[in-house]
Amino acid sequence: MRFSNSFIYTSKEAPSDATLPSHIYLIRGGFIQGIGAGLYNFLPLGKRVLEKVRAIAKEELDSAGCQEVELSFVTPSELWMESGRFEKYGKELLRFKDRKDAEFVLGPTHEEMMVNLVRQYVKSYKQLPLNLYQIKTKFRDEIRPRFGLMRGREFLMKDGYSFHKDEADMVENGFNKMKDTYSKIFTRLGLDFRIVDADSGAIGGSGSKEFMVLADSGEDTIVVCKSCDYAANIEAAKRSPTKAPIAKEGEEVEMTPGLFNTPNISTIEDLCKFFHIDAYYTIKAVAKKALYDDGVEKLVLFFVRGDSDLEETKACNSVEANELIDISEEELIEAGLVPGFMGPIGLQEDIIYKIDSELKGQKTLIAGANKKDYHAIDVQIPDYGAFFADLVAVSEGDCCSSCGGSLYHTKGIEVGHIFQLGTKYSEPLKAEFLDENGKRQPFVMGTYGIGISRLLAAIIEQNHDERGPIWTKATAPFDIEIIVSNIKKDDELNLGDKLYSQLKELNIETLIDDRKERFGFKIKDYELLGIPYCIIVGKKIADGLVEIVDRRSLEKEEISIDQVVSRVKELVG
Ligand code: ATP
Ligand code: MG
């Protein structure tokens, strides 16, 4: 492509809300254009990168036996009502009516549509397994669209769905196969990523993994073990229960059961000072409002050990809510609770509560007495009950539940998600087949997503410097750029043109900067476009030389004109 008549427009300015390098460089480099919150136009450069990412995903998926389809973006509301998600999805789901008053939603994901498709054609176990996918625009009316392509409202997703006769087949021929396929895709894209255990929602279990591109700017916190290969999203991370602090001789904690007057002592910190104990011996109460379908709201209490924090996703799953939100002191008082002095023992019967599993059967604890200015001493938690759930947030330095090693936090960008769905959608949508014994069974499913447009941001977050993005070889909009230093000089322009034709002949994707601009201006643009290599055709022609710049190292290599094409072949090959 010739820069001089291309639709490539770089700029010095980035929008004021752009804070991440990926957002800034995608806009400044003329890859995308913002046209509203979470809405972007892809310009020629951005479109080229997007197509490269899409093509790699497609190649690997097709070779794994998946079949590409393309379902309607506008989806009938009835399907969402059948699955029960019409309500549950909340405000991210854009609902609208057509001129005949029929209700539709813009697809934020396509489980219902895909199940609806398959249930009409697949009637027998002989037609299974089946893996269908699409690479298609999605719309989610995100509450906080931000960071450019990272969290858009309209975005491009690869979404795939597999259908199986039983769980074993789904795990082997669906989930595990997609895990391998996704690993190949992200490796080919040139990314440094990790596969982590992920939140599986209220269903629980270990049937969900996320592919995380490691980057400091990532929105997700990942818990990683220093000693083994354990890695999990903090929303799903496990740890060994915290241990009692080692007491010196004669300093063992002794408690006399009963209520203790603790005026104005309403935080864990104050409680520890007051009783001269470690937070390990206290119980922390966290009150939330849980939101359910049809606008139902319930007050819920969560109890964790005082040295630990509540993990909200885990807490939300434990009460099977759609969402948890904060609750005011007034609302707590109205419900008969005593803020600052809430505890698991002696609660009114109508209060829903969950206790962290690490507290099961624990003794010598201090907790709120549900009475103003009082704490209960020597509290003992039963060792059975339906109210236990994993609620704690894993902190740095906690011990790995697999090997005992030390856990630490790192940041990641979720670029892929694979999920064992089971019969979550096939049952309500009555998508069934006849098994070997002629018995009707719901399909056992898996669902698999990749954030295709988010990947552009993720690649840059992992690959950039202070001058611009540094595309990986597989994702760069062009393999190489030729800068003609001064187009007024015929020898420079002619050599540039000649190299351009030769490289094109070899199917090397080349951009030639033949604009009437100064060299300094052109090299700045080159750096902002992030193309892996650049040939500078300039004054050195006189010595029979050109220069090749490596965008990553910014190192320059002088090379004789007759060797430049073979050198480029080597570099980009
Ligand atoms: P997140 O936790 O980041 O909101 P999600 O769990 O809602 O993601 P999925 O429903 O699993 O995401 O969607 C599959 C993939 O689509 C994600 O792994 C992510 O890469 C991408 N994705 C999700 N939401 C967005 C968005 N708003 N903008 C761009 N990509 C997105
Ligand atoms: Mg989301």
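As the structure is a computational prediction, the values presented were derived from the model and not from experiment.

1. Some thoughts on the sheet that holds strand 32 (residues 545-550)
The five strands lie next to each other as 30-29-31-32-33, forming an open sheet whose pairing is mixed. Of all the strands in the sheet, just strand 30 (510-513) and strand 33 (556-560) have a single pairing partner and so form its edges. When the angles between neighbouring strand axes are averaged without regard to direction, this sheet yields 25°. Two strands pair when backbone bridges link them, and strand 32 and strand 33 are joined in this way by five bridges, in the antiparallel orientation. Bridge pairing in strand 33 places leucine 545 opposite serine 560. Packed onto the sheet, helix 11 (residues 490-505) meets strand 29 (480-484), strand 30, strand 31 (533-537) and strand 32 and runs at close to 165° relative to strand 29. The sheet contacts of helix 12 (residues 519-529) involve strand 29, strand 30, strand 31 and strand 32, and relative to strand 29 the element is tilted by about 170°.

2. Topic: the state of the cysteines
If you walk through the whole model with that rule in mind, you get zero disulfides. No disulfide involves cysteine 225; its sulfur sits 3.6 Å from the nearest other cysteine sulfur, which is in cysteine 403. Its sulfur unpaired, cysteine 400 is 3.8 Å from the next cysteine sulfur, which belongs to cysteine 228. According to the relative accessible area criterion, cysteine 400 is buried, its value standing at 1%.

3. Focus on unusual backbone geometry
The amide bond that connects leucine 128 to the next residue, proline 129, takes the cis arrangement and shows omega of -5°. Mapped onto the elements of the fold, proline 129 is located in the loop between helix 5 (111-121) and strand 7 (130-139). Unlike most non-glycine residues, asparagine 370 shows phi in positive territory, near 60°. A positive phi angle is found at asparagine 507, which is not glycine, with a value near 60°. You can call asparagine 507 exposed: its relative accessible area is 68%.

4. Side note on the site of ligand 1
For ligand 1, the set of nearby residues contains 14 residues, the closest of which are Arg140, Glu142, Arg151, Gly152 and Glu414. Take glutamate 142: an N or O atom from its side chain is 2.8 Å from a nitrogen atom of ligand 1. A distance of 3.4 Å is found between an oxygen atom of ligand 1 and a backbone nitrogen or oxygen belonging to glycine 451. For ligand 1, whose unbound accessible area comes to 590 Å², protein coverage reaches 81%. Counting residues per element, the ones that place at least two in the shell around ligand 1 are strand 8 (154-164) and strand 23 (407-422). In terms of residue count, the dominant contributor to the shell around ligand 1 is strand 23 (four residues). In terms of residue class, the shell around ligand 1 is built from five nonpolar, four polar and five charged.

Scoring rules and cut-offs
Residues numbered from 1 in each chain as written. Chains lettered and ligands numbered in written order. Predicted model: local features only at pLDDT ≥ 70, side-chain atom pairs only at ≥ 80, totals over all residues. Heavy atoms only, no water. Pairing = 2+ DSSP bridges. Helix = DSSP H or I, 4+ residues; strand = E, 2+ residues; numbered from the N terminus. Axes fitted to C-alpha atoms, helices over the stretch in contact; angles between N-to-C directions. Contact = heavy atoms within 4.5 Å. Disulfide = S-S within 2.5 Å. Buried < 20%, exposed > 50% of the residue type's maximum accessible area, 1.4 Å probe, protein only. Near = heavy atom within 4 Å. Polar contact = N/O pair within 3.5 Å; in protein donor to acceptor, adjacent residues only side chain to side chain. Areas by Shrake-Rupley, 256 points an atom, 1.4 Å probe, with all protein chains shown as cover. Nonpolar A, V, L, I, M, F, W, Y, C, P; charged D, E, K, R; others polar.

Spatial relationships are all this shows, so hold off on functional conclusions.
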